[in-house]
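Fold and geometry: a report
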Amino acid sequence: MVQDPFERVAIFGAGLLMTAFFLAIVVGAFGLGIRVPTCVTDIPPFDQPAVVEVAPGQYVVNVVAQMWLFNPREIRIPAGSLVTFNLTSKDVQHGFKILNTNVNMMAVPGVVNRAQARFDQPGEYLIVCHEYCGLGHHAMSARIIVEPRAAGDQGPDPARAVASALACWAR
Amino acid sequence: MGAMAISEGEKRLLRWHLYIAYIAIAVGILFGLLQVLSRARLLPPMPWYDYYQGLTFHGVLNALVWTTFNIVALLALAVRASLSRPLYSLSLGWTGFGLMTIGVAAAGYAILTRQANVLYTFYPPLMAHPAFYLGATLLIVGSWVAGANVILTYVAWRRENPGQRTPLMTFGSIVVFVLWYIATLGVAIEVLFLLLPWSLGLVKQTNPMLARTLFWYFGHPLVYFWLLPAYVAWYTMVPRLAGGKLYSDPMARLAFLMLLLFSTPIGVHHQYTDPAIGQEWKLVHAFGTFIVTIPSLLTAFNLMASLEYAGRQRGGRGLIDWIFRLPWGEPAFAGATLSMIAFAFGGISGIVNASYNVNLVVHNTSWVPGHLHLTVGTAVTLTFMAMATWMVPYLTGRALWSRKVALANMYVWFVGVMIFAVGMMRGGLEGEPRRTNLGFSPYLLPEWMPFLVMAAIGGTLMFIAGVLFLLNMAMTIWFSRQPAQVEVPISDALHTAADAPLAFERWRVWLAVAAVLIVISYTPVLTQVLQTSPFSAYGFLPSNPAPIR
Ligand code: HEM
Ligand SMILES: [Cu+2]
Ligand SMILES: [Cu+2]
């Protein structure tokens with residue numbers, strides 16, 4: 001199609017240059033491991049499904065606080081579980097208090113907070129945001145549902161991790 | 001006392017500080033009332049009322065403006081009166097006043113136009129209009145200038161009276177301002193280097209953990225900046241008002257000095273639930289916090305002993321009879337003494353807050369505002385109201401408009417805050433979050449309702465008492481025609497200053513010790529914070545989950 005040899009060189013050369021750029025970026029990012037900041041939900045542990053059973057009866061819950069909700073909004077675990085909460089914020093500072101437990105921590109963007117609790121009593125546990133985070137702060141809450149063990153059930157329930165695929169609002 | 005009478009110019013300077021304080025608390029308690037009502041679902045939605053705008057006003061106007069302007073006026077007068085020496089410079093005084101007032105106006109403009117709904121702790125990355133941060137800076141710088149005027153007055157006196165012991169009133173006042181210089185360093189760095197450039201758009205990202213840590217480096221000694229002026233009144237004025245003497249002057253000095261040394265290096269007790277700071281340093285700050293119980297208990301002992309002495313001077317016998325002999329019908333005495341009682345409960349609830357992992361139960365629940373209305377909201381506030389019953393007459397030359405209204409002000413506030421605080425604190429134990437418009441919250445639990453209503457009843461009583469106070473002051477200032485016959489009440493001591501070690505007045509040494517303690521306690525904390533938390537937070541407006549890029 002393109003007759004002019006100079007044009008052909010220009011197009012081919014541009015394509016080559018672009019490919020070189022791509023390669024440079026790939027090498028820089030993955031070869032040298034230089035990463036740009038990313039959505040917090042892309043970074044461990046927040047890239048994992050929200051609720052992960054790491055050992056029988058032991059769970060890790062990765063919670064992202066954001067204006068004005070917690071992700072996940074609902075966490076289901078069997079009674080008797082030992083749960084570790086990893087908490088961060090995607091935007092401003094938030095609070096994270098699970099009523100009737102000793103879990104009480106701040107969610108600060110850029111850093112991860114951690115707390116642990118054992119849930120022996122079946123029932124519903126309210127999680128409230130207790131740090132002012134803007135307009136919808138008083139509506140920001142989540143729940144933990146601790147399910148009773150079936151009669152005769154020896155160990156904890158089989159893994160029932162609820163994969164909550166988080167969509168970064170930015171995308 | 002009072003060899004050199006206070007000049008009209010000095011009186012005018014000091015009374016203008018009080019006027020600004022009264023305007024501030026008038027607006028402040030109005031929003032307090034709306035808060036308790038809104039939380040208890042007693043307020044319909046109103047388009048002009050934004051809970052968080054109101055709460056920002058409430059925190060800033062009450063906790064920062066009402067307190068600071070009162071403190072400058074009370075302590076400048078205390079130093080002026082106890083040294084019998086004119087203030088160092090009237091123009092310096094007015095410069096400080098002007099800077100603080102412009103600062104309040106700038107921040108007030110930002111809050112009024114809803115460009116600063118960030119509460120009085122202004123945690124980033126919530127971002128306010130630059131006028132808010134600029135206003136905060138001017139308020140602080142103005143208070144530095146006002147403090148310099150007081151300290152220079154003392155320095156001049158010291159030069160004229162070498163070798164003489166500093167009167168306790170001045171001693172306590174100097175401790176307050178020295179503490180204030182140490183404390184405000186943190187917030188000045190936070191605002192000037194982190195928040196102001198960031199809100200102006202000069203830098204896009206900031207470090208919320210570093211900002212929090214600098215804020216609480218300031219935030220804890222801030223509470224002693226509020227409280228120690230009340231201590232000055234309790235130690236050096238109340239015994240006189242009660243018709244007695246201070247039990248021990250040297251012990252009072254010891255308490256002031258201990259608070260100077262130990263109130264700053266413990267700020268991490270506000271950050272027990274924070275990430276990025278290791279447990280071990282949280283624990284160290286927890287231990288440090290408990291050192292502060294010593295001067296608090298010394299104060300409780302000393303003041304109680306002084307009151308008992310006064311009661312016995314007035315003819316009290318037996319174990320408790322002396323209590324009833326005290327002048328409970330005198331508003332200045334009654335208000336200040338009720339403040340002390342409230343502070344006993346405030347101190348005890350504060351020990352709960354300070355107790356490391358017990359803090360997990362109460363942190364950021366409505367327990368905390370329950371606690372702080374017993375301390376700054378009553379121990380300090382009601383003391384200022386009580387002192388105003390002689391200070392405003394003294395500074396304006398007009399007799400107090402109504403003693404009965406003043407008495408009602410003191411007792412109604414006290415009863416109100418006791419109900420309010422129990423409601424808030426019990427609700428907090430049930431998990432009510434603080435800083436939350438609970439009445440409009442979809443998750444409001446029915447078991448919170450009795451406590452929310454209780455807080456609303458107590459808060460309404462406090463509001464009524466506050467209105468009585470403002471009414472009494474307005475009537476005194478504008479309509480009272482009787483000339484005032486009051487003097488600054490200065491107490492003598494049973495155990496006098498002569499027994500106080502001379503080392504108590506080696507300010508340079510104490511400053512150096514304070515600096516060493518701060519370096520020891522904060523270097524590891526700041527190192528941890530800087531190592532673990534990035535400068536990566538874009539700003540957010542409180543109304544919008546999209547960042548400001
Ligand atoms: C009529 C009297 C008052 C009432 C009814 C009142 C009520 C309240 C309520 C209900 C809260 C909690 C709001 C929330 O967490 O959502 C609050 C917070 C607060 N109040 Fe008051 N208050 C009064 C007077 C005062 C005074 C005199 C001061 C200090 C001098 C004060 C200082 C504060 C502070 C520092 C906060 C915390 C603000 C924040 O969390 O940002 N209040 N007040
Ligand atoms: Cu929130
Ligand atoms: Cu503190």
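Residues numbered from 1 in each chain as written. Chains lettered and ligands numbered in written order. Predicted model: local features only at pLDDT ≥ 70, side-chain atom pairs only at ≥ 80, totals over all residues. Heavy atoms only, no water.

**Topic: the overall build of chain A**
The following threshold applies: Helix and strand definitions here come from DSSP, where helices need a minimum of 4 consecutive H or I residues and strands a minimum of 2 consecutive E residues; each element is numbered from the N-terminal end. Only protein chains enter the area calculation, which uses a 1.4 Å probe; residues under 20% of their type maximum are buried, those over 50% are exposed, and those in between are partly exposed. In what follows, residue pairs with any heavy atoms lying within 4.5 Å of each other are defined as contacts. Note that accessible areas follow from Shrake-Rupley with a 1.4 Å probe, and for residues the cover is restricted to the protein chains shown.
A count of helical and extended segments in chain A gives one helix and 10 strands. Shown N-terminal to C-terminal, the secondary structure of chain A runs as helices and strands in the order α-β-β-β-β-β-β-β-β-β-β. Scored against the burial criterion, the 171 residues of chain A give a buried share of 45%. Sequence separation of 24 or more characterises 62% of the internal contacts of chain A that already satisfy a separation of 6 or more. With the model as given, the accessible surface of chain A reaches about 8,900 Å², and the carbon-plus-sulfur share is 62%.

**Quick look at the site of ligand 1**
Residue and element names in this part refer to chain B. Convention followed: To be near a molecule or strand, a residue needs just one of its heavy atoms within 4 Å of it. As used in this structure description, the phrase polar contact means that two N or O atoms lie within 3.5 Å; if the pair is within protein, one of them must be able to donate a hydrogen and the other to accept it, and residues adjacent in sequence are counted only when both atoms belong to side chains. For each structure, a 1 Å grid was placed over the protein atoms alone; sets of points admitting a 1.4 Å probe that cannot get out are labelled cavities, open sets with protein on both sides within 12 Å along at least five of seven lines are labelled pockets, and lining residues have an atom within 4 Å of a point. More than half of a molecule's atoms within 2 Å of the grid points is what it takes for that molecule to sit in a cavity or pocket.
The environment of ligand 1 is formed by 29 residues, the closest being Tyr 51, His 58, His 373, Arg 434 and Arg 435. Here a nitrogen atom of ligand 1 and a side-chain polar atom of His 58 are 2.8 Å apart. For ligand 1, an oxygen atom lies 2.5 Å from a polar atom in the backbone of Arg 435. Judged by its atoms lying within 2 Å of the grid points, ligand 1 is housed in the largest cavity. Secondary structure elements with two or more residues in the shell around ligand 1: helix H1 (8-39), helix H2 (51-83), helix H14 (367-396), helix H15 (403-429) and helix H16 (449-478).

**Here's the deal with the pairing of strand S10 (residues 141-147) of chain A**
Remember that side chains alternate between the two faces of the sheet whenever the strand is regular. All names here are of chain A. As a reminder of what qualifies: A pair of strands is treated as paired once DSSP finds two or more bridges between them.
Within S10, five of the seven residues are buried, which leaves it mostly tucked inside the rest of the structure. The pairing of strand S4 (residues 74-78) with S10 spans five bridges and is classified as parallel. Bridging from a neighbouring strand, Glu 74 pairs with Arg 143 of S10. Inspection of the sheet shows strand S9 (residues 123-128) paired to S10 by six bridges, in the antiparallel sense.

**Re the packing of helix H6 (residues 208-236) of chain B against helix H10 (residues 293-313) of chain B**
Residues and elements named next belong to chain B. Heads up, the rule is: Inter-axis angles, ranging from 0 to 180 degrees, are taken between N-to-C directions of lines fitted to C-alpha atoms, where helices are fitted over the stretch in contact. An angle below 35 degrees is treated as roughly parallel, one above 145 as roughly antiparallel, one from 65 to 115 as roughly perpendicular, and anything else as oblique. Handedness of each helix crossing follows the sense of rotation of the near helix against the far helix: counterclockwise by less than a right angle gives left-handed, clockwise gives right-handed.
With their axes 10 Å apart at the nearest point, H6 and H10 run at an angle of 30° to one another. Judged by the inter-axis angle, H6 sits roughly parallel to H10. For the crossing formed where H6 meets H10, the hand is left-handed. In contact with Tyr 231, Trp 234 and Tyr 235 of H6, H10 contributes Ser 296, Leu 298, Thr 299, Asn 302 and Leu 303.

**Topic: the coordination of the iron atom of ligand 1**
Residues and elements named next belong to chain B. We count it as follows: Here the coordinating atoms are restricted to nitrogen, oxygen and sulfur within 2.8 Å of the metal centre, or 3.2 Å for Na, K and Ca, and because water is not among them the sites may look incomplete. Sites are called tetrahedral only when four donors show all angles between 85 and 135 degrees, square planar or octahedral only when four or six donors show opposite pairs over 155 degrees and all other angles between 65 and 115, and irregular in any remaining case.
Donor atoms from the polypeptide that bind the iron atom of ligand 1 are His 58 (NE2) and His 373 (NE2), placed at 1.9 to 2.0 Å. Coordination geometry of the iron atom of ligand 1: the six donor atoms subtend angles of 88 to 180° at the metal centre, consistent with an arrangement described as octahedral. Here His 58, found in helix H2, pairs with His 373, found in helix H14; they are 315 residues apart in sequence, far enough to count as distant. His 373 carries the same exposure label as His 58, and that label is buried.

**Let's talk about the sheet that holds S4 of chain A**
All names here are of chain A. Across the sheet, which stays open at both edges, the five strands sit in the order S4-S10-S9-S6-S7 with mixed pairing between neighbours. Where the open sheet ends on each side, the last strands, each with one partner, are S4 and strand S7 (104-107). Averaged over all pairs of adjacent strands, the angle between their axes in this sheet comes to 20°, without regard to strand direction. Relative to S9, strand S6 (residues 94-98) runs antiparallel, the two sharing two bridges.

**Quick notes on the packing of H10 of chain B against helix H12 (residues 331-354) of chain B**
For any two helices packed against each other, one specifies the inter-axial angle together with the distance between the axes. All names here are of chain B. Inclusion rule: Polar here means any residue other than Ala, Val, Leu, Ile, Met, Phe, Trp, Tyr, Cys and Pro, which are nonpolar, and Asp, Glu, Lys and Arg, which are charged; Gly is therefore polar.
For the pair H10 and H12, the least separation of the axes is 12 Å and the interaxial angle reads 150°. Here H12 runs roughly antiparallel to H10, going by the angle between their axes. When the axes of H10 and H12 are compared, the crossing they make is left-handed. The segment H10 lies against H12, with Thr 293, Leu 303 and Leu 307 engaging Phe 333, Thr 337, Met 340 and Ile 351. Partitioned by chemical class, the residues of the contact of H10 with H12 number five nonpolar, two polar and no charged.

**Observations regarding the interface of chain B and chain A**
Operational definition: A simple way to read buried area is as the amount of 1.4 Å-probe accessible surface that goes missing from two parts once joined, with both sides added. What makes a salt bridge here is a side-chain nitrogen of Lys or Arg within 4 Å of a carboxyl oxygen of Asp or Glu, nothing more.
Contacts between the two partners involve 45 residues from chain B and, on the opposite side, 33 residues from chain A. For the pair chain B and chain A, the summed buried area comes to about 3,100 Å², and 65% of that belongs to carbon and sulfur atoms. At the boundary of chain B with chain A, the tally comes to one salt bridge. Between Glu 131 of chain A and Arg 435 of chain B there is a salt bridge whose closest N-O contact spans 2.9 Å. Inspection of the region where chain B meets chain A yields 16 residue pairs in polar contact (both at pLDDT 80 or more).

**Considering helix H9 (residues 279-291) of chain B**
All names here are of chain B. To be explicit about the condition: By this rule, a helix spans an expected 1.5 Å times one less than how many residues it contains. The arc under discussion is defined with respect to the helix axis, by the directions toward the C-beta atoms.
Taking 1.5 Å of rise per residue, the 13 residues of H9 would be expected to cover 18 Å, and the 19 Å separating its terminal C-alpha atoms lies within 8% of that figure. For H9, the complete set of buried residues consists of Lys 282, His 285, Ala 286, Gly 288 and Thr 289. Looking down the long axis of H9, one finds its buried residues gathered within 160° of arc, a one-sided arrangement.

**Here's the deal with the confidence of the model for chain B**
All names here are of chain B. Defined as follows: Confidence of the predictor at the level of single residues is given by pLDDT, which spans 0 to 100.
Mean pLDDT over chain B works out to 94, with 99% of the residues at or above the 70 mark. Within chain B, the element-level pLDDT minimum falls on H9, averaging 87, and the maximum on H15, averaging 98. Across the whole predicted complex the pTM is 0.90, and at the interface the ipTM reaches 0.92.

**Quick look at a nonpolar patch on the surface**
Residues and elements named next belong to chain B. The condition is simple: Like-charged residues are merged into a patch within 9 Å and nonpolar side chains (Val, Leu, Ile, Met, Phe, Trp, Tyr) within 5 Å, provided each residue has over 30% relative accessible area and no salt bridge.
Taken together, the side chains of Leu 185, Ile 189, Leu 192 and Phe 193 present a nonpolar region at the surface, about 400 Å² in accessible area. Its location among the elements puts Leu 192 in helix H5 (residues 168-199). When its relative accessible area of 41% is taken as the criterion, Leu 192 is described as partly exposed.

**So, the nonpolar core**
Our working definition: In this text, buried Ala, Val, Leu, Ile, Met, Phe, Trp, Tyr and Cys residues form a nonpolar core when linked through side-chain atoms within 4.5 Å.
Grouped together as the largest cluster of nonpolar side chains are 225 residues, with contacts concentrated most on Phe 85 of chain A together with Phe 132 and Trp 234 of chain B. In terms of residue count, the dominant contributor to this core is H2 of chain B (22 residues). Ignoring sequence-local partners within four residues, the contact set of Phe 132 of chain B consists of Thr 56, Val 60, Ala 107, Ala 110, Ile 111, Ala 116, Val 118, Leu 119 and Phe 122 of chain B.

**Comments concerning the side chain of Asn 364 of chain B**
The topology assignment puts Asn 364 of chain B in the loop between helix H13 (359-362) and H14. Engagement of the side chain of Asn 364 of chain B in a polar contact is seen with the side chain of Glu 131 of chain A, the distance being 3.2 Å. If we ignore the near neighbours within four places in the chain, the residues touching Asn 364 of chain B are Met 106, His 130 and Glu 131 of chain A together with Pro 433 and Arg 434 of chain B.

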